[in-house]
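# Geometric and topological summary
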Amino acid sequence: MTNEQARLRWESALVNNYGTPPIEVVRGEGTRVWDADGNAYLDLLAGIAVNALGHAHPAVVDAVSRQIATLGHTSNLVANPVALELSETLLEVAGLAGDGKVLLVNSGSEANEVALKISRLTGRGSVVACESGFHGRTMGALTLTGQPAKQEPFAPLVPGIGHVPFGDIDALRAAVDSDTAAVFVEPIQGEAGVIPAPDGYLRAAREITEQHGALLVLDEVQTGIGRTGSWFAFQQAGIVPDVVTLAKGLGGGLPLGAVIGVGGAADLLQPGQHGVTFGGNPVCCAAGLAVLRTIESESLAEHARTVGKDIAASVEALRHPSIAGVRGAGLLLGVALREQPSAAVAGAARRAGYLVNPVTPDTLRLAPPLVLAAEDAHRFVSDLPQILDDASKDV
Ligand SMILES: *Cc1c(COP(=O)(O)O)cnc(C)c1O
């Protein structure tokens, strides 16, 4: 098999939902992957902020192998020890033990669907989310997603959901009242191009929602699990939300999402009001536990903070005319580009042996495994000027 053969087979067998991918990745180890033609890449995207421990991490491989050989699936008609352990560990690292409860699901979209259902159970009519925000593609999550181009083909959407400009405290204050069930916010808008909430915004969102008795739902599907330099971004903002949604990094590459309800928000869902056949699947939970334990034992959130700061500072120190700046926190970074379209830069990076993501036309997203070595980060930064030059020749 070659990349070219893979493209042809993809085009004949797979729905053209993603466009034809340029390469087929066949193997991964740590922060490196190899394609069908045998080319090696430094993976600076980690399956979109998913592979927190990189590829084929021994802790995940071992946990998953043991679990599938012990108990692969149960349903939620019975308890399983791995789901219990994962939920308790999640609450512990979130600082919510005793005050929070977990519902395990399969994806980020589904976690947000559950959060939306929880918000309906307040008995209030309206939900506020942010323009340009991203909460997933299923119908409820898509309605929360503040990106009209993604929504329009699928109208009519779920009623009762409105959007305010992200980061605008006055607009949020004006939109929230006694009929507001919940406010949905990402601490850093990932899919919008790695746009951090301005200083004080999350704290203001907490105050405003508290004042009106509305729930504050933080979508940490992308920012959670160590990615931004702490277990969760809300911890850096110094607030406690009512609901946190998680997925991406949680399962270390296996499909796993979670909803954490805090205080009264944890008790709104009643038996039978949601159901997930695969929710709490022991194999996925075993992977999740391995991820949480390894992040803890190897201080990977701190590592992400240090290496992320280092990348941001050294990219800015290049003073390259094509680079406008670097946004983000920890190992969720957006390199803002001035000239070359990000797709051309991502193509040139790929030819140079790096997988990066052209998340918006003028932003390159980096969301590497949290285990990224400082030397590998430096190598990318020192190759970046050459990559930008190559990208210009492409245009
Ligand atoms: C990726 C993402 C989602 C959707 O997660 P899926 O697992 O793709 O359904 C939701 N919210 C945010 C912030 C995300 O980054």
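Calculation notes
- Residues numbered from 1 in each chain as written.
- Predicted model: local features only at pLDDT ≥ 70, side-chain atom pairs only at ≥ 80, totals over all residues.
- Heavy atoms only, no water.
- Helix = DSSP H or I, 4+ residues; strand = E, 2+ residues; numbered from the N terminus.
- Rg over C-alpha atoms; globule rule 2.2 N^0.38 Å.
- Buried < 20%, exposed > 50% of the residue type's maximum accessible area, 1.4 Å probe, protein only.
- Contact = heavy atoms within 4.5 Å.
- Areas by Shrake-Rupley, 256 points an atom, 1.4 Å probe, with all protein chains shown as cover.
- Lys, Arg positive; Asp, Glu negative; His and termini not counted.
- Charge placed at Lys NZ, Arg CZ, Asp CG, Glu CD.
- Pairing = 2+ DSSP bridges.
- Axes fitted to C-alpha atoms, helices over the stretch in contact; angles between N-to-C directions.
- Salt bridge = Lys/Arg side-chain N within 4 Å of Asp/Glu carboxyl O.
- Polar contact = N/O pair within 3.5 Å; in protein donor to acceptor, adjacent residues only side chain to side chain.
- Near = heavy atom within 4 Å.
- Nonpolar A, V, L, I, M, F, W, Y, C, P; charged D, E, K, R; others polar.
- UniProt positions renumbered as here; feature names shortened; annotations may be inferred.
- Phe/Tyr/Trp six-rings, centres within 6.5 Å; stacked < 30°, edge-to-face > 60°.
- Lys NZ or Arg CZ within 6 Å of the ring centre and 35° of its normal.

## Some words on the overall build of the chain
Secondary structure assignment for the chain yields 14 helices and 17 strands. Here the C-alpha radius of gyration of the chain, 21 Å, is about what a compact globule of 395 residues would show, namely 21 Å. When the backbone C-alpha atoms are referred to their principal axes, the chain occupies close to 55 × 55 × 45 Å. Within the chain, the fraction of its 395 residues that count as buried is 53%. The contacts in the chain between residues at least 6 apart in sequence include a share of 69% that link residues at least 24 apart. When the accessible area of the chain is evaluated, it comes to approximately 16700 Å², of which 54% is carbon and sulfur surface. If you average the places of the 27 positive and of the 42 negative side-chain charges in the chain, the two averages end up 2 Å apart.

## Description of the sheet that holds strand β17 (residues 363-366)
Across the sheet, which stays open at both edges, the four strands sit in the order β13-β14-β17-β16 with antiparallel pairing between neighbours. The outermost strands of the open sheet, each flanked by one partner alone, are β13 (323-329) and β16 (357-360). Sheet twist, expressed as the mean angle between neighbouring strand axes with direction ignored, is 30°. Here two bridges tie β16 to β17, and the two strands are oriented antiparallel to one another. Paired with N357 across the two strands is R365, which belongs to β17.

## Comments concerning helix α13 (residues 342-351)
For α13, the tally of buried residues reaches seven of 10 residues, placing the bulk of the element in the interior. Taken as a whole, α13 has its buried residues at S342, A344, V345, A346, G347, A348 and A349. The first or second residue beyond α13 is G353, which carries a positive phi of 95°.

## Observations regarding the side chain of E113
With respect to the helices and strands, E113 occurs in helix α5 (residues 108-120). Here E113 sits buried without a salt bridge, and the closest side chain of opposite charge, K117, lies 7.7 Å off (N-O distance). A distance of 2.8 Å separates a polar atom in the side chain of E113 from the backbone nitrogen of G140. Apart from residues no more than four positions distant in its own chain, E113 is found in contact with T138, M139, G140 and A141.

## A look at the site of the ligand
Residues in close proximity to the ligand include S107, G108, S109, N112, F134, H135, G136, E186, D219, V221, Q222 and K248, which together make up its full environment. Note that an oxygen atom of the ligand is positioned 2.9 Å from one of the backbone N or O atoms of G108. Backbone polar atom of F134 to a nitrogen atom of the ligand: 3.3 Å apart, as the coordinates give it. With the chains in place, 82% of the 380 Å² that the ligand exposes on its own is no longer accessible. The leading source of residues in the shell around the ligand is α5, at three residues. Looking at side-chain class alone, the shell around the ligand contains two nonpolar, seven polar and three charged residues.

## Some remarks on the UniProt feature "modified residue: N6-(pyridoxal phosphate)lysine" (unreviewed entry) in the chain
Residues annotated in UniProt with the feature "modified residue: N6-(pyridoxal phosphate)lysine" (unreviewed entry) correspond here to K248. When you line up the elements, K248 lands in the loop between β11 (243-246) and β12 (257-262).

## Let's talk about unusual backbone geometry
Between A155 and P156 the backbone carries a cis peptide bond, its omega angle lying at 0°. Note that P156 resides in the loop between α7 (148-151) and β6 (161-164). Residues other than glycine seldom take positive phi values, yet S75 does so here, at roughly 75°. Mapped onto the elements of the fold, S75 is located in the loop between α3 (58-68) and α4 (81-93). Looking at S75, the relative accessible area reads 19%, which means it is buried. With a phi angle near 60°, V194 is a residue other than glycine that sits in the positive phi range. One can find V194 in the loop between β8 (188-189) and β9 (195-196). Look at V194 and you get buried, because its relative accessible area is 0%.

## Some remarks on the UniProt feature "binding site: N(2)-acetyl-L-ornithine" (unreviewed entry) in the chain
Mapped onto the present numbering, the UniProt feature "binding site: N(2)-acetyl-L-ornithine" (unreviewed entry) falls at R137. Examined against the element boundaries, R137 turns out to sit in the loop between β5 (126-130) and α6 (139-144). Apart from the residues within four sequence positions on either side, R137 is in contact with S109, L142 and K150.

## Regarding the packing of aromatic side chains
A complete count under the given rule lists three aromatic pairs for this structure. For the ring pair F232 and F234, a centre distance of 5.6 Å and an interplane angle of 15° mean the geometry is stacked. In this structure F232 comes out as buried when scored by relative accessible area, which is 0%. Ring geometry for Y354 against F380: centres 5.0 Å apart, planes inclined by 65°, an arrangement best described as edge-to-face. On the criterion of sequence distance, the pair formed by Y354 in strand β15 (residues 354-355) and F380 in helix α14 (residues 374-394) is long-range, its members being 26 residues apart. With respect to burial, Y354 and F380 carry one shared label: buried. Between the NZ or CZ atom of R27 and the centre of the ring of W34, over which it lies, the distance is 4.0 Å.

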